[in-house]
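Commentary on secondary and tertiary structure
Residue-level listing of the chains:
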Number of protein chains: 2
Amino acid sequence: MDVLQRLGQNIRRLRRARGLAQEKFALQFGIDRTYVSGIERGARNPTVTVVQRFADALDVPIAELFAEIE
Amino acid sequence: MDVLQRLGQNIRRLRRARGLAQEKFALQFGIDRTYVSGIERGARNPTVTVVQRFADALDVPIAELFAEIE
DNA sequence: TTGTGACTGATAGTCCGTG
DNA sequence: GCACGGACTATCAGTCACA
C-alpha cells in the first residue's frame, strides 16, 4: 500500500466522518478544492506543511494521517 | 513546535541512535548529505515521498517521524 | 563532521473550467 | 458531490563550493 494512497484514504475517511463535502472542507481551510481531490485519490505528493494543514483542519495529530489501514 | 523542526529532530535522533554520520547515512541511502542536513535542521519542507524514504532508511513507520518530542 | 547560499529542472499548489 | 484537465506561479528536489 502506497504511502500517498494511505494518506489520501485517511484524510477522506476523517473528512467524511465530519460530514464535510470536499468543497466545503477546502473553502473552510483555504486549500484548493481540486487539490483536496487529488490528495484524497493519492494522485498528489504534498509537502509536510500541507499535510500539517490537513491535520489541523481535521483536528488530529499529523501522525494519525499516516496510520496503517486495517 | 514547528512540524518541520519536529520532523528534523526525530530524524536526527534516530540517525544518531544508529551511530551514523550524516555523510555515511546519506551515501548509504542515495540522499545528498547537505539535503539531510537541511531537513534535520527544519530548513526544508520535504514532500511525503521524501519523508517515506527517510522512514525506510531508518526502518521505522513514517508516523514515528512525526511523533511529539517529550 | 556539519551548516549554508546559490543554483536549475521538476513538481507542488492555485485557478479556471468540463462531464 | 466529485474526478479530471489545462495553464499558470511558487516552491521543492537535488547538487555544488565553501566555511
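Quick caveat: nothing in here was measured; it's all calculated off a predicted structure.

1. Things to note about the protein's contact with DNA strand C
- Of all residues adjacent to DNA strand C, which total 20 residues, the nearest are Y35(A), T47(A), Q22(B), S37(B) and R41(B).
- Backbone atoms, meaning sugar and phosphate, form 56% of the atoms of DNA strand C found within 4 Å of the protein.
- The contact in question runs from a sugar or linking oxygen of DNA strand C to an N or O atom on the backbone of N45(A), over 3.2 Å.
- At 2.8 Å, a side-chain N or O of R12(B) approaches a phosphate oxygen of DNA strand C.
- Listing elements by their share of the surface near DNA strand C, those giving two or more residues are α3 (33–40) of chain A together with α1 (3–17), α2 (22–29) and α3 (33–40) of chain B.

2. Section: the interface of chain B and chain A
- Taken residue by residue, the interface counts 14 residues in chain B and 14 residues in chain A.
- When chain B packs against chain A, close to 1200 Å² is buried across both sides, 74% of that on carbon and sulfur atoms.
- When the buried surface of chain B facing chain A is broken down by residue, N45(B), V48(B) and F66(B) rank first, second and third, together holding 41% of it.
- Joining chain B to chain A, the criterion identifies zero salt bridges.
- Our count for the chain B to chain A interface comes out at eight residue pairs in polar contact (both at pLDDT 80 or more).
- Within the residue set of the side of chain B that touches chain A, elements represented by two or more residues are α1 and α4 (48–58) of chain B.
- Considering only residue class, the side of chain B that touches chain A consists of nine nonpolar, four polar and one charged.

3. Topic: the protein's contact with DNA strand D
- Not every one of the 18 residues close to DNA strand D is listed here, only the nearest: R12(A), Q22(A), R41(A), Y35(B) and T47(B).
- Taken together, the sugar and phosphate atoms account for 62% of what DNA strand D places within 4 Å of the protein.
- In the model, a phosphate oxygen of DNA strand D is placed 2.7 Å from a nitrogen or oxygen of the R41(A) side chain.
- At 3.0 Å from a base nitrogen of DNA strand D is found a side-chain nitrogen or oxygen belonging to T34(B).
- Contributions of two or more residues to the surface near DNA strand D are made by α1 (3–17) and α3 of chain A together with α3 and α4 of chain B.
- In terms of residue class, the surface near DNA strand D is built from four nonpolar, seven polar and seven charged.

4. Some details on the nonpolar core
- F54(A), L65(A), F66(A), F54(B), L65(B) and F66(B) are the most contacted members of the largest nonpolar core, which has 44 residues in total.
- When residues of this core are traced back to their parent elements, those giving at least two are α1, α2 (22–29), α3 and α4 (48–58) of chain A together with α1, α2, α3 and α4 of chain B.

5. A closer look at the UniProt feature "domain: HTH cro/C1-type" (unreviewed entry) in chain A
- Sites flagged by UniProt as "domain: HTH cro/C1-type" (unreviewed entry) map to residues 11–65 of chain A.
- End C-alpha atoms of residues 11–65 of chain A are separated by 6 Å, and the span's content is 62% helix alongside 0% strand.

6. Observations regarding unusual backbone geometry
Residues and elements named next belong to chain A.
- If you check the backbone angles, D59 has positive phi at about 60° while not being a glycine.
- Checked against the element boundaries, D59 lands in the segment after α4.
- You can call D59 exposed: its relative accessible area is 67%.

Conventions we followed
- Residues numbered from 1 in each chain as written.
- Chains lettered and ligands numbered in written order.
- Predicted model: local features only at pLDDT ≥ 70, side-chain atom pairs only at ≥ 80, totals over all residues.
- Heavy atoms only, no water.
- Near = heavy atom within 4 Å.
- Polar contact = N/O pair within 3.5 Å; in protein donor to acceptor, adjacent residues only side chain to side chain.
- Helix = DSSP H or I, 4+ residues; strand = E, 2+ residues; numbered from the N terminus.
- Contact = heavy atoms within 4.5 Å.
- Buried area = accessible area lost by both parts, 1.4 Å probe.
- Salt bridge = Lys/Arg side-chain N within 4 Å of Asp/Glu carboxyl O.
- Nonpolar A, V, L, I, M, F, W, Y, C, P; charged D, E, K, R; others polar.
- Core = buried A, V, L, I, M, F, W, Y, C linked by side-chain atoms within 4.5 Å.
- Buried < 20%, exposed > 50% of the residue type's maximum accessible area, 1.4 Å probe, protein only.
- UniProt positions renumbered as here; feature names shortened; annotations may be inferred.

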